[in-house]
Every structure is written in C-alpha cells, then in structure tokens.
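# Chain and residue survey
What follows is each chain in one-letter form.
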Amino acid sequence: METTGKETFRDSIGTINEEGKRAWVYPKKPSGRFYKYRKWVSYSLLIFLFSAPFIKINGNQFLLFNVLERRFNIFGAPFWPQDFHLFVISMIIGIVFIILFTVAFGRIFCGWICPQTIFMELVFRRIEYWIEGDRGKQIRLDKQPWNINKIRKRLTKWILFFIISFLIANVFLAYLIGSDQLIKYITDGPLIHVSTLISLLIFTAVFYFVFAWFREQVCIIACPYGRLQGVLLDSKSIVVAYDYKRGEKEIGRAKFKKNENRSTSGKGDCIDCFQCVHVCPTGIDIRNGTQLECVNCTACIDACDHMMESVNLPKGLIRYASEENIAKKAKFTFTPRLKGYSAVLLILTGIFLGMSFLRNDVEATILRLPGQLYEHKGDNIISNVYTYKLVNKTTLDIENIHFELLSHTGKIEIVTHKNFSVPGQGLAEGTLFIEINNAALTGDKNRLKIGLYSKDKLIETTTTAFLGPRSYR
Ligand code: SF4
Ligand code: SF4
C-alpha cells in the first residue's frame, strides 16, 4: 500500500531522497548524560580492541582469528581444528545469546558495543565536528564552492581519516595473522612483504570507504543483525522509544509558547523542536515509532531531555522503554521475562567463559595399534603396543615429557627415547609399550588412566584400552 504525507517513513529510508539519491545526514553533535556514558564505554572498548591482539596469556595471543591457518585464540585459550566441537558450541551459544539479548533489550548492542557505531560516532564523527564544526557549519561547508578554506578542511579530514583507517587495518591484520607476525612484517620493512602491504592497503581502503562515505548505510542496508530486528523485536522489547501518549496527548505536538499551560490546552509535551531528528545519525524521526534504521544510539534521548529541561517539562519523553510500557503508561520495570532472559544470558556467558578457561594446553591421544593383540612377556607380564599423539596448543615449548600409569601399576616404555619435548604450536607422535602384570588386570578389556608429565608436573590425563587374556576367575 502506498503511503503519503506523514506516513512516508513507512515505505522509504530516511537517507534516500525522493529522487532515489542518497540524502546525506549531518547529525547535530550530541551531548548529555547518555553521550557521556557512551564515551566512557566506547573508549574503554577501543582500548580493549586495540590492545587485545598484543596481550599474551601463557604465550598465546589473547584474541586471534587466523582463518587461513585455522588457529583461533579466545581469551588466550587456543582452539585447534581438534577443538572444532567447542568452537561450534560457542557459536551456538553466541547465536542464542544474540537472539535472547535482542528480544529482551532490542538494539542496545548496536548503540553501545558495535565497533561500527563506536568508530563512526565516537571517533570519525568527532574528528569531523572538530575540523568542520557542528551540523549547520557542515551543511554550509558542503554547499559552498571550493576555496582555500574548504580544501584545507577537507584535506585535513581525509588525511586523518586515512591514517585512522590504516591503523584500524593494522589492528585487524593483527587479529588475523597474529601480532608477532605483524610486528615482524613492520620491522622487516613493507617492501619485503609486498603482498601483505597490498592486503593492508585494501583493508584501509574498505575502512576509509565505510567511515568516510558509506557510514550509517552499513547499519541500514548491509548489517544482517540490523535486518533481523523486524523479527526479533516485540512489544515487550526495550528500545529507544518516543512516549507518544505524553508527547501527543489530545491535540498533538505543538511549538512551545511562553507562559502557556500545556496540561490544560490538550497539547502534547513534544514542542516539535526537531532536535531529536537533527541529532539522529541515521536521519530518522523517532517520533514515528521504532524503525529499522534506529541503532539505539541514545542521541535523541539526550537532545530531548535537554529541550524538556529548558521548557520546564519532565525529562524522558524519549527514553528506554517498551511499546507496552508506553501504551499502558507504565514505568520501566525489570519484568519476570527480562529477569528470566538475563539469567539465561548470564548462564550462557558463564558456560562460554568456563569452556574457554578450563581447556587444557595439551591434547594427548593414545590409541592401541590397530590389528595388534596383547603379548605375553615373562613373569606374567602382559604388553600392548600403542601410538601416541600430543598437540601443544601453546606457543611455548613443553619440555621433558614422559607418561605415567595412574590407574594401574605397570610400565610405559616409549620407543626410541625416554623423555622428549614438543615445540610450541607443534605436535609429537610415536610408539609406546605398556606393560602390566596380569594379576592387576580385571579381564580381557581394561581401561587405563595415563598421566602426561612435563618435568614432574602433571599437565594432562588421558585414557586408553588395554587388552589382556580372558579371565575365568
Ligand atoms: S532514533 Fe534516536 S536512538 Fe535511534 S538512531 Fe536516531 S538518534 Fe539514535
Ligand atoms: S526533541 Fe523532544 S520535544 Fe523536540 S521534537 Fe523531539 S520529541 Fe519533540
């Protein structure tokens, strides 16, 4: 159905004009309580994002996503191809987390945590305000013909944008190939690693394109999470919302008039100042209701609170609330549903963190040599032959390794050597014999528990099968 007039927002995107061209958004510089909190959160997350690839735990990079070599570190715990099941579980937990979080708390992630919003609003946009000034000045600068002043401002902005994009590309590469490798490439000099330099420049160009030109279109058009909002949000989800009951009342919004008693005139509390629209980085009018474009950045809350304060009306005309809160004029409460979802989210986070932290640095597999039966040795000793494989998931060498039987009294003999080492991120394979007195066995099939020691420290335990003669006792 075609919509007209005030309803056009329903079938059009705020950043596309009537001719179908991009309507450039010049958001007013936000200020206020939420913006202050967002700055704290954003700059803390930026410090984390930039430092995580350079932090090491037991020699492992804190976060690493080396897709090419299939090596992933999460919170310093390495995930190898052998850990694929854990990786799948963590992905499932991640998806459930995102769905529950969005159903309960709407697009809070987009406004507070998403790197796109943080870089765009708290880094690139702030540089733009610093060089070109606030909304009005930016519009005027855009319209004015090219002169020395405009060239100087635009060049400074583009150069700074390029430098920051280049920095982001370097950090992005550190997540992909590892910070040690990146530092090596830098110290070797870019000309020795031309292919890496080209990749780096391609990443830089992508980031520059996104933050200098594509901007809010990422959230509106490209981001799959943003597109999911329509199916995930419901009337109980907490979103940035305009209180239309209070804002419109009986005769709707109207401009502010000094000394007028709005509560008796029937006019809504919205003074139609358009500050919430001017400040919006996705170019929408939140008074039209929850829209696909809204990234919950809270800029309109701050802008409206400021206006309400200046006309002596209560703050919170735009606030975090669910559609139901507003329709029933109810105050925000932590409902049983929100409590339930939060508990599930906490449990999932706990499981994920537990899985990451409780993993072993070494994986040992000891398997009986296929097709081999047991062997009788002298003095009632039974012997089985095995192959072993040790994977060292850390970047440090594990030295002086030997095996010990933990569940039975017996002997483990490694073929060719006694103690050996496994290099960091390497593996060791070989053959070993296990000898146990028949009297200690409980039948033809026995389960053995074996300890793996580095020097005298137990670093991993594993189990394997041991065959013996059938027991007729
Ligand atoms: S409507 Fe408000 S919260 Fe949503 S993107 Fe615009 S300014 Fe941010
Ligand atoms: S900032 Fe508040 S008062 Fe001004 S137009 Fe928006 S909702 Fe109405």
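Residues numbered from 1 in each chain as written. Chains lettered and ligands numbered in written order. Predicted model: local features only at pLDDT ≥ 70, side-chain atom pairs only at ≥ 80, totals over all residues. Heavy atoms only, no water.

## With respect to the site of ligand 2
Taken together, Tyr242, Cys270, Ile271, Asp272, Cys273, Phe274, Cys276, Arg287, Cys304, Met308 and Ile318 are the residues near ligand 2. Taken together, the residues of the shell around ligand 2 break down into nine nonpolar, no polar and two charged. (Near = heavy atom within 4 Å. Nonpolar A, V, L, I, M, F, W, Y, C, P; charged D, E, K, R; others polar.)

## Things to note about the domain arrangement of the chain
Here the chain is described as being made up of domain 1 (1-359) and domain 2 (362-467). Once you take the C-alpha centre of each, domain 1 and domain 2 turn out to be 53 Å apart. Taken together, the contacts link nine residues of domain 1 with nine residues of domain 2. Counting the surface lost from both domain 1 and domain 2, the interface buries some 760 Å², and carbon and sulfur atoms represent 48% of this. At the surface where domain 1 touches domain 2, the tally comes to zero salt bridges. By residue class, the composition of the side of domain 1 that touches domain 2 is two nonpolar, four polar and three charged. (Domains from an automatic or database assignment. Contact = heavy atoms within 4.5 Å. Buried area = accessible area lost by both parts, 1.4 Å probe. Salt bridge = Lys/Arg side-chain N within 4 Å of Asp/Glu carboxyl O.)

## Observations concerning helix α8 (residues 194-214)
Over its 21 residues, α8 runs 28 Å from end to end, which matches the ideal 30 Å to within 8%, given 1.5 Å per residue. Buried within α8 we find Thr196, Leu200, Thr204, Phe207, Val210, Phe211 and Ala212. The buried residues of α8 occupy an angular sector of 165° when projected down its axis, which confines them to one face. Buried-residue contacts for α8 involve α4 (115-132), α6 (148-177), α7 (179-188) and α9 (217-222). Looking at the residues trailing α8, positive phi occurs at Arg215, about 45°. (Helix = DSSP H or I, 4+ residues; strand = E, 2+ residues; numbered from the N terminus. Expected span 1.5 Å × (residues − 1). Buried < 20%, exposed > 50% of the residue type's maximum accessible area, 1.4 Å probe, protein only. Arc of directions from axis to C-beta.)

## Description of the sheet that holds strand β11 (residues 398-405)
What the four strands build is an open sheet, ordered β13-β11-β15-β16; its pairing is antiparallel. Edge positions in the sheet fall to β13 (420-422) and β16 (457-467), since each has one partner strand and no second. Ignoring strand direction, the axes of neighbouring strands in this sheet form an average angle of 35°. As paired elements, β11 and strand β15 (residues 445-454) share five bridges and run antiparallel to each other. The residue of β15 that forms the bridge with His402 is Tyr453. (Pairing = 2+ DSSP bridges. Axes fitted to C-alpha atoms, helices over the stretch in contact; angles between N-to-C directions.)

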